[in-house]
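Residue-level structure breakdown
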Amino acid sequence: MNILIMGSDITAWTQAAVLASSGCQVSLLLDQNVEVESSEPQLSRLVQIQQAEGRLQIIRGESLHDPQTNLLIDARVNLDFDSRKQAIEQFALYLSKAQSLVVALVQPVEIGTTDRLQQQLNDQGLTQLSVVYWPSFIQSGRAIESFSRSDRIVLGSQHSGAVQLIKRLLTPFNRSLDNFMLMQPKEAELTKVAINGMLATRVSFMNELARFASLNQIDIEPVRQGIGSDSRIGFQYLYPGCGFGGDAFLQTLQQLTQALGRDYQPDLLSVVCSINEQQKDLLFQKFWRFYQAEIQQRTVAIWGGAFKPNSSDISGSPALILIESLLAHGVRVRLYDPAAAEALSHYFAEHSKRDQLVLCESALIAAEEVDAIMLVTEWKEFWNIDLAALRQKVRQPLLLDGRNIYDPAYAQQSGWIYSGIGRGQAL
Amino acid sequence: MKIQLLNQQPVFKALQDQAVKVPHLAELFQQNPHRAQQMSIESAGICLDYSKQRVTDQVLSELEQLFYQVKLPQSIAELFSGAVVNQSENRAALHTQLRLPAAQQPEAFAVIEQALLQMEALVDQVQQGVWRGFSGKRITDVVNLGVGGSDLGPLMVTQALKEYAEPQAKALKVHFASTIDGSQLFDLLDHLNPETTLFLIASKSFTTIDTLSNADTVRAWLAKACPSETLMLRCHFVGISASADKMQQWGIAPENQLPFWSWVGGRFSLWSTVGCAIALDLGMGVFRQLLAGAYAMDEHFRTAPPLQNIPVMMALLGVWNVNVLDIRAHAILPYDGRLKYFPSYLEQLEMESNGKSVTQSGEPINYATCPVLWGEIGANAQHAFYQLLHQGTQAVAADFILAANRYEASQSEAHYEALIAQHELNIANCLAQSRVLALGNAAVEPSDNPFRHYPGNQPSSTLLLDRLDASTLGGLIACYEHKVFTQAVIWGINPFDQWGVELGKQVALQLQAVLAGKGDTELDSSTLHLAAQINSKRGRV
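Residues numbered from 1 in each chain as written. Chains lettered and ligands numbered in written order. Predicted model: local features only at pLDDT ≥ 70, side-chain atom pairs only at ≥ 80, totals over all residues. Heavy atoms only, no water.

How we decide: UniProt positions are given in the numbering used here, feature names are shortened, and annotations may be inferred rather than shown by experiment.
Per an unreviewed UniProt entry, chain B is named Glucose-6-phosphate isomerase, and its organism is Oceanospirillum multiglobuliferum. According to UniProt, the comment filed for chain B under the heading Sequence similarities (unreviewed entry) is "Belongs to the GPI family."

Chain A carries the name UDP-glucose 6-dehydrogenase in an unreviewed UniProt entry, which gives Oceanospirillum multiglobuliferum as its organism. Of the comments in the UniProt record for chain A, the one headed Catalytic activity (unreviewed entry) reads "UDP-alpha-D-glucose + 2 NAD(+) + H2O = UDP-alpha-D-glucuronate + 2 NADH + 3 H(+)". Check the Sequence similarities (unreviewed entry) section of the UniProt entry for chain A; it says "Belongs to the UDP-glucose/GDP-mannose dehydrogenase family."

Written as structure tokens, this is what we have:
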């Protein structure tokens, strides 16, 4: 099968590499002026292999007109309807009337986009194009696996031919269990954004509980386990923390918030988002309270800048908000992240207080002579660090754990003033 | 220097002689079809149409002579140069200096831009979420505690320019509390969060009892939530005052003190750091535009010849109405809901400035000064006091204020057409009312029904703005300030003191003691009896 993929984010790269590896001939057309840096080592390797095998071709900036293409995957993000339509039209102009083409939108879109696009293409006589909505559930950190062994395949389509084509394409990834769900495009569009909305709601609800817990000497951890043990609820996305991030996730949330907020009713999701924004500020507030606002000239270690472990992606990461606030108050920041240091350095390159930010080679180096450690991303290497030894490195043993990875009792025994998210010690 | 009284000016007699010679406004319009074209002045986005004032060319020429006879050019120069124009308090009144562009500011006044930059930094911190409350949370609400000039100006401006708020200012909510009885605070404190509320205490002397009693209530409210007094003072109070000492004594942290100066009168202070609430609510850019608009009006006032000078004409016509035509009431009628607080603002500006009966040097005067001035949004006032204007027994002068353009930013809204229709209806009402007030019966079909008799001949001016924005509002306020100053010079009085307000403050102190049962009993029986009744009703005999 001949596939053209437009886009530059992790979804575009993953689909390109994985589909090429199943024998498809794939062209990946990158957005112009986008710097591309795959944040997943495994994925980068797969891309290289597929390029070497000649099944994956990477093109940048120019439009491509391959009349052999059977499937056009539109994985572009942050695009308005008209620009999206324009690029698809451009491509379709070179097709003969007899040549059919399936156009699959895979990124979150405004509800109704698929049908609207189909309608407008039809109106222009491009009836050989079948537009479908095939949402991607690729997760950064486990990109390849989340695509090739997806829990479910959702397809919003009104064209039986397109359904057959996508089904055939996914046969190698859908063998053990047929989890293919066919629905109307609008239904699929809503499904995609609603999943993220539900997950975000769970997290923000846990954060709200954690806030109550911290004020009432309750440890949220056993409570979380108790809640998760109810089979109707389950354990996923019940972790309170210092805020969730990620471009795709935040973008879908924003879209859904806008869609739901349209009738001027105060909607649940805007509260969910505002709780998340407050969570991102939480570690700063604890630091402020601990030092009674005397924070100027102090030094803080931040452990983790990526919005989640195993990723170099910093988009929407709580670390950005934290660093911004700390710098604004004249605090020096020593940051360590095993993968995202470069992205952070780039992000703060033009900041007027850039000189207060030091990027460190290791967690221990970052902790030297600091007045607090703020753990933002739960990289595996932080979990079993020797807290007693670490205690010797710092000026003040204040450990603000934004991901609840340490046992409060153990941290205290190791000489730390410890505060997690809702672990029963208000700070 | 002995001040020459208005009624001793040579031209004053001539003006008085004119009073009986001026025909009814209906007739004046009939005599000269170009009257309006000849009687309108435009500058800085503001047009003054005074054709509905009861004046003739002769009157105007004599008013112009009056302008020179009282040496107004010299007085205006003195005002701008920082001479002691406020003699009873021995100081200058340099509100115009506050509006001078920074690049033109002489070294001696570099403090003005410094203070503005300090204010800008503070505003920026609050709007960007850098400023934190005691618990580390961002500020969501600001309450301006002030009264008189420290309240009315910012309140009026923020209400008028809401639609121009800059994006970074939109999340912040700014409130005002002024009343000594704590009513506004009582409502506010009920729903504000002490962790996220910042208070501005604005008082020139930092002793104003109204403001400081409100501040004390707030302090008690915050103290309950905040564990440390230092933290509370540092994170929740900003002082705006000409007295650094008094701010210090109250506990305002040095870095939270925004200065202004003794040479800025309270009712002329919105241009100083007292405008902090404006900048917080609308953005520093809007505040700077307000200053620029006022500066444009300052330049017009300073340089335009009297009959082409908007504030001077407003002043001369006011003197003509009060002292010659004996019209002792003046209504301010903005046909614009955004100018809801503009009449209250002018009530203070005009009546506190010119409600005087002695000259600059303290001699009594024997003619009228400031008229009673009041007002309301015009279209609403039509359903309230216009009856008296049309058919009552009082002669009343009026200022109609109107913006030609409106709702320009809402052109894509579905209800734009409807809004424009409302705007046009409003304009029609404004023009109709001033027309009927001037012409009376002549404006309509004649009728012999006595209840439908409209005498007319009520004089008015119309101030037509291109549009109401920061720049024209700045100009409009400056226009009235200069009108007030010009009138004060003509009347020979000091517009910059307010001794009349002082006595009541002193007596209030005596009466606090009486209510506490410790006061002297030498007071009048009315006051003593009322105090006793109050104590009895409160169970405090």
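1. Here's the deal with the overall build of chain A
Rule in force here: Secondary structure elements are defined from DSSP: runs of H or I of at least 4 residues count as helices, runs of E of at least 2 residues count as strands, and each element is numbered from the N terminus. The atom set for the radius of gyration is the C-alpha atoms, and the globule formula is 2.2 Å times the number of residues raised to the power 0.38. Under the scheme applied here, a residue whose accessible area is under 20% of the maximum for its type counts as buried, over 50% as exposed, and between as partly exposed, the area being computed with a 1.4 Å probe on protein chains only. Any two residues whose heavy atoms approach within 4.5 Å at even a single point are treated as in contact. Under the counting rule used here, the positive set is Lys and Arg, the negative set is Asp and Glu, and His together with the chain ends is not counted. Taken as the charge centre is NZ of Lys, CZ of Arg, CG of Asp or CD of Glu, depending on the residue.
Each helix and strand counted, chain A has 16 helices and 14 strands in total. Here the C-alpha atoms of chain A give a radius of gyration of 24 Å, agreeing with the 22 Å that 2.2 N^0.38 yields for 427 residues. Summarising its shape, the C-alpha atoms of chain A cover approximately 75 × 45 × 40 Å along the three principal directions. For chain A, the proportion of its 427 residues judged to be buried stands at 53%. For chain A, the proportion of contacts with a sequence separation of at least 24, taken over those separated by at least 6, is 75%. Across chain A, the centroid of the 36 positively charged side chains sits 3 Å from that of the 45 negatively charged ones.

2. Observations regarding the interface of chain B and chain A
Applied cut-off: Put simply, buried area is how much 1.4 Å-probe accessible surface two parts lose in total, over both of them, once they are put together. For this analysis, a salt bridge means a side-chain nitrogen from Lys or Arg found within 4 Å of a carboxyl oxygen belonging to Asp or Glu. The definition of a polar contact used here is a pair of N or O atoms within 3.5 Å, where within protein one atom must be able to donate a hydrogen and the other to accept one, and adjacent residues in sequence count solely through side-chain atom pairs. Throughout, the ten residues Ala, Val, Leu, Ile, Met, Phe, Trp, Tyr, Cys and Pro are labelled nonpolar, Asp, Glu, Lys and Arg are labelled charged, and all others, Gly among them, are labelled polar.
Each partner contributes residues to the interface: chain B has twelve residues there, and chain A has twelve residues. A combined buried area of about 980 Å² lies between chain B and chain A, and 48% of that area is made up of carbon and sulfur atoms. Considering only the side of chain B, the residues that lose the most area to chain A are B:Val130, B:Arg132 and B:Arg234, jointly responsible for 44% of the buried surface there. Across the chain B-chain A interface, the total number found is three salt bridges. Among the salt bridges present, the one from A:Asp281 reaches B:Arg138, with a minimum N-O distance of 3.4 Å. Across the chain B-chain A interface, the total number found is nine residue pairs in polar contact (both at pLDDT 80 or more). Taken together, the residues of the side of chain B that touches chain A break down into four nonpolar, four polar and four charged.

3. Some remarks on the UniProt feature "binding site: substrate" (unreviewed entry) in chain A
Residue and element names in this part refer to chain A. The UniProt record annotates "binding site: substrate" (unreviewed entry) at Lys192, Tyr237, Leu238, Tyr239, Pro240, Gly241, Gly245 and Lys308. Spanning 117 residues, the annotated positions stay apart in the fold, the maximum distance between their C-alpha atoms being 23.9 Å. On the accessibility criterion, proline 240 (4% relative accessible area) is buried. For proline 240, the contacting residues outside a window of four places in its chain are Met206, Asn207, Ala210, Ile220, Arg224, Asn404 and Ile421. Positionally, lysine 308 belongs in the loop between strand S9 (299-303) and helix H11 (318-328). On the basis of relative accessibility, which here comes to 23%, the residue lysine 308 falls in the partly exposed class. When residues no more than four places from it in sequence are discounted, the contact partners of lysine 308 are Gln139, Ser140, Gly141 and Thr377.

4. Concerning the pattern of salt bridges
Inspection of every chain in the model, using the stated rule, returns 34 salt bridges over all chains. A:Arg232 is the partner of A:Asp230 in a salt bridge, and the nearest nitrogen-oxygen pair spans 2.6 Å. Residue B:Glu195 pairs with B:Lys137 through a salt bridge whose shortest N-O separation is 3.4 Å. Separated by 58 residues along the polypeptide, B:Glu195 in the loop between helix H8 (183-191) and strand S5 (197-202) and B:Lys137 in the loop between helix H6 (110-127) and strand S3 (141-145) bring together distant segments of the chain. Since its relative accessible area comes to 26%, B:Lys137 is described here as partly exposed. When salt bridges that share partners are traced, they join A:Arg298, A:Glu369, A:Asp371 and A:Arg395 into one network.

5. Concerning unusual backbone geometry
With a phi angle near 65°, A:Asn310 is a residue other than glycine that sits in the positive phi range. Following the sequence through the fold, A:Asn310 ends up in the loop between S9 and H11. On the basis of relative accessible area, A:Asn310 is assigned to the partly exposed category, the value being 48%. A positive phi angle, close to 60°, is found at B:Tyr407, a residue other than glycine. Among the secondary structure elements, B:Tyr407 is positioned in the loop between strand S10 (397-405) and helix H18 (416-439).

6. Details of the UniProt feature "domain: UDP-glucose/GDP-mannose dehydrogenase C-terminal" (unreviewed entry) in chain A
As recorded in UniProt, the feature "domain: UDP-glucose/GDP-mannose dehydrogenase C-terminal" (unreviewed entry) lies at residues 301-408 of chain A. Within the segment residues 301-408 of chain A, helix and strand shares are 30% and 18% respectively, and the terminal C-alpha atoms sit 19 Å apart.

7. Notes on the sheet that holds strand S4 (residues 173-177) of chain B
Residues and elements named next belong to chain B. The criterion, for reference: Each pair of strands is called paired provided DSSP finds at least two bridges between the two strands. Axes, fitted as lines to C-alpha atoms, cover a helix only where it is in contact. Angles between the N-to-C directions of the axes lie from 0 to 180 degrees.
If you walk across this open sheet you meet the five strands as S4-S3-S5-S6-S7, and the pairing is parallel. If you trace the sheet from one side to the other, it starts and ends with S4 and strand S7 (257-259), each paired once. Each neighbouring strand pair of the sheet contributes to a mean axis angle of 20°, computed without reference to strand direction. In the sheet, strand S6 (residues 237-241) pairs with S7 via three bridges, with the strands oriented parallel. Counted as the bridge partner of glycine 239 is glutamine 257 from S7.

8. A closer look at the domain arrangement of chain A
Residue and element names in this part refer to chain A. Stated formally: Where each domain starts and ends comes from a domain assignment, either automatic or drawn from a database.
What the domain assignment reports for chain A is domain 1 (2-182) and domain 2 (194-419). Just the C-alpha atoms count here: the centres of domain 1 and domain 2 sit 34 Å apart. Taken residue by residue, the interface counts twelve residues in domain 1 and eleven residues in domain 2. Carbon and sulfur atoms make up 48% of the surface buried where domain 1 meets domain 2, a total of about 940 Å² over both sides. At the boundary of domain 1 and domain 2, one finds zero salt bridges. Residues belonging to the side of domain 1 that touches domain 2 are distributed by class as follows: four nonpolar, five polar and three charged.

9. Description of the sheet that holds strand S12 (residues 372-375) of chain A
Residues and elements named next belong to chain A. An order of S11-S10-S9-S12-S13-S14 is seen for the six strands of this open sheet, with the pairing classed as parallel. Since the sheet does not close on itself, it has two edges, and those belong to strand S11 (357-359) and strand S14 (417-419), each with one partner. Pairs of neighbouring strands in the sheet enclose a mean axial angle of 20°, with direction left out of account. The pairing of S9 with strand S10 (residues 332-336) spans five bridges and is parallel. When the bridges of S10 are listed, alanine 301 appears paired with arginine 334.

10. Thoughts on the packing of aromatic side chains
As a reminder of what qualifies: Here a pair means two rings of Phe, Tyr or Trp (six-membered ring of Trp) with centres within 6.5 Å. Their orientation is stacked below 30 degrees between planes, edge-to-face above 60, and tilted elsewhere.
Applying the stated criterion to the full structure yields 23 aromatic pairs over all chains. Ring plane angle 50° and centroid distance 6.3 Å describe the contact between A:Trp134 and A:Phe147, whose orientation is recorded as tilted. Taken together, the residues A:Trp134 in the loop between strand S6 (129-133) and helix H5 (143-148) and A:Phe147 in helix H5 connect sequence positions 13 residues apart. In this structure A:Phe147 comes out as buried when scored by relative accessible area, which is 10%. An angle of 5° between the planes, with centres 5.1 Å apart, marks the rings of B:Trp261 and B:Trp263 as stacked. Exposure remark for B:Trp261: the relative accessible area of 16% places this residue in the buried category.

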